[in-house]
Amino acid sequence: MADDTREGNMSPSQADAAPTESSFAQEDMPNKPSPIANSPSLQDAAQSRVIEEEVLDVLIVGSGPCGLAISARLCERAPAATHTDEEHRRWRWLKQYGSKVALKQTKSGKEKPAKNTPRADYKMMVIDAEGDTWLNRWKRLFSAYDIKHLRSPMLWHVDPLDRDAMLGHAYRTGMDKDLVEIKNCVGAEVSKHQKKKKGTGDWRYDSNKSGRAAINLRDQNDYYTPSQKLFCEHCDDVVDRYNLGGGLIRQERLEDIDYGVVRDVSIDDEKLFTVTTSKTIKYAKAVVMAVGPANKASIPRTPSMPQEGPVPQATHTFGIGEVPSPIVKERVEAGGTTNVLVIGGGLTSAQIADLAVRSGVTKVWHLLRGKLVLKHFDVTLEWMGKYKNTMQTEFWTSDTDEERLEMLQKARGGGSITPRFYKEVVKKNIASKKLCFMECTKLTDAKLEEVDGLTKWVCQTEPAISGLPAMDYIYFATGIQTDFATLPYFQTMCEKYPIQGVGGLPCLTEELMWRKDVPLFVSGKLAGLRIGPSAPNIGGARFAADWIALALDNLIEPAGGEGRREANARLGLQDYAAGEGNMYSALGHLGVEDEENTDEEETEDSGTMYGSESAEVSDETAGTDVSDAGADEDQK
C-alpha cells in the first residue's frame, strides 16, 4: 500500500456549496405579476433575473459530495439500502433481457410479449455558487491543502448501488495500491479469559465492553483510506453511470427560498418553491439543501484587529487560495526570516502547518486552545464499528433534541489529528525545530505593526510564550459556527414556516424535511440532529440521501409517471418479479392481493406479465425462469 502521509480532513458538508450573503438589486417592479405576492424583495429582484417557468421536480442546492450522493440516489432504482445482492442480480438480468423475451403462462399456454415500462425520472437541477461541475469546491480545497488521501474509510462514498462500490472500483482499475491502511483501528476478537479483564491496556478496546474490539478483523478491508484520485475517479464513474453531467449543474448563488401557490404557474393551487438565485428565478416541487455548514467562515477578531472588513495578512483556511500566501512566498524567496502562526486543533491546521514548513518558512508556530486529541476519524470508534447500531439507536430514541445535541458534541468533540499524521509528519517537523507545537494556548491579541521595515503581527498569548517573534501571516483553522436562522436565504422560510432550532441546527422532521407540510429537505451538517454525528461526513451524506429519496418517492410523482405509484401498489409480487421495488415492499401487498385477485386467478388469463402465476421465459437465449421470484400461487 502507498504510504503518503498527507490525509484529508474535508467533510462533504465543508465541500458542498455554501451560498454567501448578498442583497437584492433595488429596481422597479417587473411587468409580470409577482410569483409570491408577499415577497417584496423578490419582486424587486425579478426584473434583473430570468424567470424559468418550467417546474422542476427536485432542485438540489450544492454540488459537493452531499449533492452528488442525493442526485445519484434519486436515479438509482435498486439502491443497496433497500435491495439485497440477490435482488440486484435479478434486477440486472431483467433490465438486460426483460424487454426482449416473451412470457409463457403455465396454465393457459399463451405467450405474451414482454413489456418494459421504464420508470419516469425526476426532472432535476443542481445549483452551486462556485462552479458548474461536481465537487468544485471540494477539489479546490484539497488542492490548496495538498491532501493526497482522505480521512474517511472505504465504506464511506457517494455510490448508492453497492456498499463496497469504491473498494470494487479500486481493484477494478488497479488503484488498490494507492490505499493506505488505518492502523491500530481493527482488532481481533479476544478470548473469554481476556473478556473477563477490565481494561486491556489497548486503546482499541473499551473497558465498558469487557475488552471487545470496536471493529472486527473481518471488516479490515473497509478500514483503508482512499487516495483523492481514487475518490474523484469513483465519483466520476457515478456521474457517468447516472448521466449526471451535461448541464445538470448551474453556477448560480442561492439568495432566497419561498413556498406557496404561484400565480399562473401552480396547477390546482399546488404549492411550489420559488427559488431566487443570482441569475434566475426557478420553481420546484421540492428543494434539497446540501450546503454543508452553510454559514460563512469568519476570523475570530482580537481587540486590536479590524472589527469589520477583511483582515490583512490573515485568512481563514476555508478562504485559502495557496499556501504560503503571496506575501509570505515573496519574503521567503527574498531570503528573510519568516514566521507563520497557525491556530486550530484539527487535522486541517496540522496540514497547513506542514505545508508552510515544506514551503520554506523559517518557523511555524501552531497554537491549540486545548489538549491535543488523536483520533482516526472525526467521530469515536464506537460510532464506526460493530456498536454503531447501538449508539445510533440510543441517539434516535433520545427524548429531546437537546439530548441529541449533547451526544453529537460528545461523539465528535473538537478538532483532532489522526495518529498516523501526528507520528509521521507533526513529530518530524517538531524534531527539525521548524515547528513549535503549543497546547492549551490562546491568542489574546494581535496587532499589525511595522517591524524591521515590514508589516507583521505582534501577538500576545495566554500563557505568554517567551521569545515569540512577530508573525508574517496568521492562518485560522477554527471551523465554522453553524446557525441556520442567520442564513439570508432561509429568512423567508423562517418567517412564513417557523421551526425550532437547537445549537444552531434546525429541528427537522424524521424525513429530514423542514416541516411535514413543507418539502424542503436538508442534508449535511444541518441535518445533524436527525442523522447523528456522521452527518457532516461522507457516510452521513449517503445516509441522508437514502432518507430523502424515500421521502421524495412518496411525495412527488415524476413527470411522465402519473399513476405509476398506484399501479405498483396493486401489483404486489408482480411488481417485485418485474424488477420494481423489493421483496419486502411486495410482502406488504400479499393480503390485499389475495383477496382482490382470487377470482381472477382462476380464469384463463389469470397470468399476466410477471404476474402472480409462475411464468416461464420461452426465449432460448434467456434460459431462466421467473418463478424463482417467489411469485407463484403456492408460495403465496
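Residues numbered from 1 in each chain as written. Predicted model: local features only at pLDDT ≥ 70, side-chain atom pairs only at ≥ 80, totals over all residues. Heavy atoms only, no water.

An unreviewed UniProt entry lists the chain under the name FAD binding domain protein, from Emericellopsis cladophorae.

Student: I tried to follow the overall build of the chain on my own but got confused; where do I start?
Tutor: A count of helices and strands for the chain gives 20 helices and 22 strands. Of all 636 residues assigned to the chain, the portion counted as buried reaches 53%. Looking at the chain alone, contacts between residues at least 24 apart form 72% of all its contacts between residues at least 6 apart. Accessible surface, the chain: about 29000 Å² in total, of which carbon and sulfur atoms supply 47%. (Helix = DSSP H or I, 4+ residues; strand = E, 2+ residues; numbered from the N terminus. Buried < 20%, exposed > 50% of the residue type's maximum accessible area, 1.4 Å probe, protein only. Contact = heavy atoms within 4.5 Å. Areas by Shrake-Rupley, 256 points an atom, 1.4 Å probe, with all protein chains shown as cover.)

Student: So what exactly am I meant to see when it comes to the environment of V340 here?
Tutor: Assignment of secondary structure puts V340 in strand β12 (residues 339–343). Look past the residues within four positions of V340 in its chain and what remains in contact with it is V328, V361, K363, V364, W365, M471, Y473 and Y475.

Student: Would you explain the pattern of salt bridges in this entry?
Tutor: Taken as a whole and judged by the stated rule, the model has 27 salt bridges. Across the salt bridge formed by E52 and R250, the nearest N and O atoms sit 3.4 Å from each other. In this pair, E52 sits in strand β1 (residues 50–61) while R250 sits in strand β7 (residues 249–251), placing the two residues 198 residues apart along the sequence. In this structure, the salt-bridge partner of R515 is D517, at a minimum N-O distance of 3.0 Å. In this structure, a network of salt bridges that share partners links the residues E52, R250, E252 and K282. (Salt bridge = Lys/Arg side-chain N within 4 Å of Asp/Glu carboxyl O.)

Student: What is the right way to look at helix α5 (residues 136–145) in this model?
Tutor: Three- or four-residue spacings in an α-helix give side chains the same orientation, since the helix completes a turn every 3.6 residues. Of all the residues in α5, the buried ones are R137, W138, L141, F142, A144 and Y145. The buried side chains of α5 occupy one side of the element, clustering within an arc of 160° when seen end-on. One or two steps after α5, the chain reaches D146, where phi turns positive at roughly 55°. (Arc of directions from axis to C-beta.)

Student: Is there a simple way to explain unusual backbone geometry in this structure?
Tutor: Excluding glycine, residues mostly have negative phi values, and the peptide bonds linking residues are mostly trans. Cis geometry marks the peptide bond from V323 to P324; its omega dihedral reads 0°. Here P324 lies in the loop between β11 (314–316) and α9 (326–333). With an omega of -5°, the peptide bond between E462 and P463 qualifies as cis. Of note in the backbone geometry, C440 takes a positive phi value of approximately 50° without being a glycine. Along the polypeptide, C440 turns up in the loop between β14 (435–438) and β15 (442–451). In this structure C440 comes out as partly exposed when scored by relative accessible area, which is 38%.

Student: Would you explain helix α8 (residues 228–241) in this entry?
Tutor: Look at α8: 20 Å from first C-alpha to last across 14 residues, which is about the 20 Å you get at 1.5 Å a residue. Those residues of α8 that sit buried are Q228, L230, F231, C232, H234, C235, V238 and V239. Backbone geometry just after α8 places N243 at a positive phi near 55°. (Expected span 1.5 Å × (residues − 1).)

Student: I tried to follow the nonpolar core on my own but got confused; where do I start?
Tutor: One broad trend across soluble globular proteins is that nonpolar side chains are buried collectively. Of all hydrophobic cores here, the largest spans 127 residues; its most connected members are M289, F490, L520 and L552. At 8 residues, the largest contribution of residues to this core is made by helix α16 (residues 538–555). Other than its neighbours up to four places away in sequence, L552 contacts V58, L74, Y122, A286, V288 and F521. Core analysis: the next-biggest nonpolar cluster, separate from the first, contains 17 residues, M305, L341, A446 and I465 among them. (Core = buried A, V, L, I, M, F, W, Y, C linked by side-chain atoms within 4.5 Å.)

Student: Explain the packing of helix α11 (residues 388–396) against helix α12 (residues 401–412) to me, please; I cannot follow it from the model alone.
Tutor: Helices that pack against each other are described as a pair by the angle of their axes relative to one another and the distance between those axes. One way to put it is that α11 packs onto α12 with a least axis distance of 9 Å and a crossing angle of 150°. Only R404, M407 and L408 of α12 make contact with α11, whose side of the interface consists of M391, E394, F395 and W396. Of the residues assigned to the contact of α11 with α12, the class counts are 5 nonpolar, no polar and 2 charged. (Axes fitted to C-alpha atoms, helices over the stretch in contact; angles between N-to-C directions. Nonpolar A, V, L, I, M, F, W, Y, C, P; charged D, E, K, R; others polar.)

Student: Help me out: how do you make sense of the packing of aromatic side chains in this one?
Tutor: Two aromatic rings are characterised by how far apart their centres lie and by the angle between their planes. What the rule picks out here adds up to 14 aromatic pairs. Summarising the aromatic geometry, the rings of F490 and W514 are spaced 5.1 Å apart at their centres and angled 50° between planes, so their arrangement reads as tilted. Separated by 24 residues along the polypeptide, F490 in the loop between β17 (473–476) and α14 (491–496) and W514 in strand β20 (residues 513–515) bring together distant segments of the chain. For the pair formed by F490 and W514, the shared burial category is buried. Put simply, the rings of F484, Y489, F490 and W514 pair up and form one aromatic cluster. Directly above the aromatic system of W365 lies the positively charged group of K363, at a separation of 4.8 Å from the ring centroid. (Phe/Tyr/Trp six-rings, centres within 6.5 Å; stacked < 30°, edge-to-face > 60°. Lys NZ or Arg CZ within 6 Å of the ring centre and 35° of its normal.)

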